[in-house]
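Architecture and fold: a report
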Amino acid sequence: MSQHYYSKNPQTKSKPQEWTYTLRGETFRFQTDSGVGDEPSVEGPILDVGCGYGPIGMAIAKAFPQRHVHMVDINARAIELAQKNTVLNGVENVSVYESDGLSNVEQQGFGAILTNPPIRAGKETIFRFYEEAYEKLVASGSLWVVIQKKQGAPSTQEKLQELFGDVRVADKKKGYFIFEARKV
């Protein structure tokens, strides 16, 4: 069996690292090590749906320079800002373009798709994102969803379970859930 981040006792050589990231005025310090989520375990490009001005997609692209990150949003201003921010930060392994959900995403075979869904767009729109994401992922690829409990986390978890069959709560803090739905 190949090694991956959810192996109980990873056999990869330990290589501890620490990194910091500032987002919206908050500085976060992280410690990581080989075999502990330090690399998306499934090959393929990465997609950031609803990228806004680009902080998440750019952080992923910088962390994994050998991977290509697609960053999409329906908001033209967000796209313009994300494009400017990738240039400002020297992030080159990205494609930033407009898309309503995944409607303009021609690429197939994503290893990971990330989203903080637009709750106000309605459940029908959000569930369509999840369905489209499932189709765009490679086998064993993951959809990562950040969502508040009071804004639909229970129904999202139920829908993801129905679609993917393999859903876990990756983290839960202050009313926010991070779900990982793995395509089986």
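Residues numbered from 1 in each chain as written. Predicted model: local features only at pLDDT ≥ 70, side-chain atom pairs only at ≥ 80, totals over all residues. Heavy atoms only, no water.

Examining the overall build of the chain
- From N to C terminus, the chain includes four helices and nine strands.
- Listed N to C, the secondary structure of the chain is β-β-β-α-β-α-β-β-α-β-α-β-β in terms of helices and strands.
- Put simply, the chain has 184 residues, and 40% of those count as buried.
- Sequence-distant contacts in the chain: of pairs separated by 6 or more residues, those separated by 24 or more amount to 63%. (Helix = DSSP H or I, 4+ residues; strand = E, 2+ residues; numbered from the N terminus. Buried < 20%, exposed > 50% of the residue type's maximum accessible area, 1.4 Å probe, protein only. Contact = heavy atoms within 4.5 Å.)

Notes on the sheet that holds strand β5 (residues 94-98)
- In spatial order, the strands read β5-β4-β3-β6-β7-β9-β8; together these seven strands make up an open sheet with mixed pairing. For this open sheet the edge positions go to β5 and β8 (167-173), each flanked by a neighbour on one side alone. Geometrically, the sheet is characterised by an average inter-axis angle of 15 degrees between neighbouring strands, direction not taken into account.
- Sheet analysis places strand β7 (residues 137-148) next to strand β9 (residues 176-182), joined by seven bridges and oriented antiparallel. Each residue of the ladder has a partner; that of isoleucine 147, found in β9, is phenylalanine 177.
- Along the sheet, helix α1 (residues 55-63) makes contact with β3 (46-49), β4 (69-73), β5 and β6 (110-115), crossing β4 at roughly 175 degrees. (Pairing = 2+ DSSP bridges. Axes fitted to C-alpha atoms, helices over the stretch in contact; angles between N-to-C directions.)

Looking at the pattern of salt bridges
- Within the structure shown, the criterion is met by eight salt bridges.
- Put simply, lysine 159 and glutamate 131 hold a salt bridge, and the shortest N to O gap is 2.9 Å. Taken together, the residues lysine 159 in helix α4 (residues 153-164) and glutamate 131 in helix α3 (residues 123-136) connect sequence positions 28 residues apart.
- Since its relative accessible area comes to 10%, lysine 159 is described here as buried.
- Its relative accessible area of 35% is what places glutamate 131 among the partly exposed residues.
- With a shortest N-O distance of 3.4 Å, glutamate 162 and lysine 159 are connected by a salt bridge. Separated by three residues within a single helix, glutamate 162 and lysine 159 lie in helix α4, roughly one turn from each other.
- A residue is classified by how much of its surface remains accessible, and glutamate 162, at 60% relative accessible area, is exposed.
- One salt-bridge network, held together by shared partners, links Asp100, Arg128 and Glu132. (Salt bridge = Lys/Arg side-chain N within 4 Å of Asp/Glu carboxyl O.)

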